[in-house]
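# Structural overview
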Amino acid sequence: MSQGIGVVGLYVRDQDEALEFYVEKLGFRVHTDARNGDYRWLTVQHPDQPSLQLGLFKPQAPELDASTARSVREIVAKGAMPPLVLNVDDCRGAYERMSTRGVEFTQAPEERYGNIDANFRDPSGNGWKMIQSGRASS
């Protein structure tokens, strides 16, 4: 068994909506979709990174009380959570493909610091920075 981080979670307002976004628009694959009453353990993974799962979790009990869950939903919706980073080989090409699939970008591809990057948010408000490293293409 390998050691290390296996799942990184983020809060989403609606797991079905998040699942559609990550699978249909970003090209991730479902890893686990298991339910226990009202609780749903839902993880996806990037096809080129099968060792890491992205958990799409609803802020709810048993982890959070109702008041805290409400606060977390509001914070996520405002885009106040730290951004995630998606590494790509071709930022402009990925931008075109993802835009065609309905991903709404908050910043088009831009060259800076030797890289090309673009920004988008998922339907819950989680921010993403998509980066094409200048070192990878050199």
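As the structure is a computational prediction, the values presented were derived from the model and not from experiment.

Each helix and strand in the chain was counted, giving 4 helices and 8 strands. Its C-alpha atoms give the chain principal-axis dimensions of roughly 50 × 40 × 25 Å. Scored against the burial criterion, the 138 residues of the chain give a buried share of 38%. Contacts spanning at least 24 positions in sequence make up 51% of the contacts within the chain whose residues lie at least 6 apart. Charge centroids of the chain, computed over 16 positive and 19 negative side chains, lie 2 Å from each other.

Turning to helix H3 (residues 91-100), a few remarks are in order. Among the residues of H3, those classed as buried are Cys-91, Gly-93, Ala-94 and Met-98. Projected down its long axis, H3 shows its buried positions confined to an angular sector of 160°, all on one face. Tucked into the core, H3 has its buried residues touching helix H1 (15-25), strand S6 (105-112), strand S7 (115-121) and strand S8 (127-132). At the N-terminal boundary of H3, the capping side chain belongs to Asp-90, with an oxygen 3.4 Å from the backbone nitrogen of Arg-92. Downstream of H3 by a residue or two, Gly-102 has a phi angle that is positive, lying close to 105°.

Take the sheet that holds strand S2 (residues 29-36) next. Strand order in the open sheet made by the 4 strands is S1-S4-S3-S2, with mixed pairing throughout. Because the sheet does not close on itself, it has two edges, and the strands there are strand S1 (7-11) and S2. Taken pair by pair, the neighbouring strands of this sheet meet at an average axis angle of 25°, ignoring direction. As paired elements, strand S3 (residues 39-45) and strand S4 (residues 53-57) share 2 bridges and run antiparallel to each other. Its bridge partner being in S4, Val-44 is matched across the sheet by Leu-54. Helix-sheet contacts for H1 involve S1, S2, S3 and S4, and the interaxial angle to S3 is about 10°.

What counts as what
- Residue positions are given per chain, counted from 1 along the sequence in the order it is written.
- Side-chain atom pairs in this predicted model are given and counted only at pLDDT of 80 or more, local residue features only at pLDDT of at least 70, and totals for whole chains, interfaces and linings cover all residues.
- Side-chain metrics rest on all non-hydrogen atoms present in the structure, leaving aside hydrogens and water.
- Here a helix means four or more residues in a row that DSSP labels H or I, a strand means two or more in a row labelled E, and each is numbered from the N terminus.
- Note on classification: 1.4 Å probe, protein chains only; a residue is buried when its accessible area is under 20% of the maximum for its type, exposed when over 50%, partly exposed between these limits.
- For this analysis, residues touch if any pair of their heavy atoms sits within 4.5 Å.
- For the purpose of counting charges, residues Lys and Arg are taken to be positive, whereas Asp and Glu are taken to be negative. His and the chain ends are not included.
- A charge is said to be at NZ when it belongs to Lys, at CZ for Arg, at CG for Asp and at CD for Glu.
- What the arc measures is the spread of directions leading from the helix axis to the C-beta atoms.
- Counting of polar contacts relies on pairs of N or O atoms within 3.5 Å, with two restrictions inside protein: one atom must be capable of donating a hydrogen and the other of accepting it, and residues adjacent in sequence are counted only when both atoms are side-chain atoms.
- Strands pair, by our definition, only if DSSP identifies at least two bridges between them.
- Between N-to-C directions, angles cover 0 to 180 degrees, with each direction set by a line fitted to C-alpha atoms, over the stretch in contact for helices.

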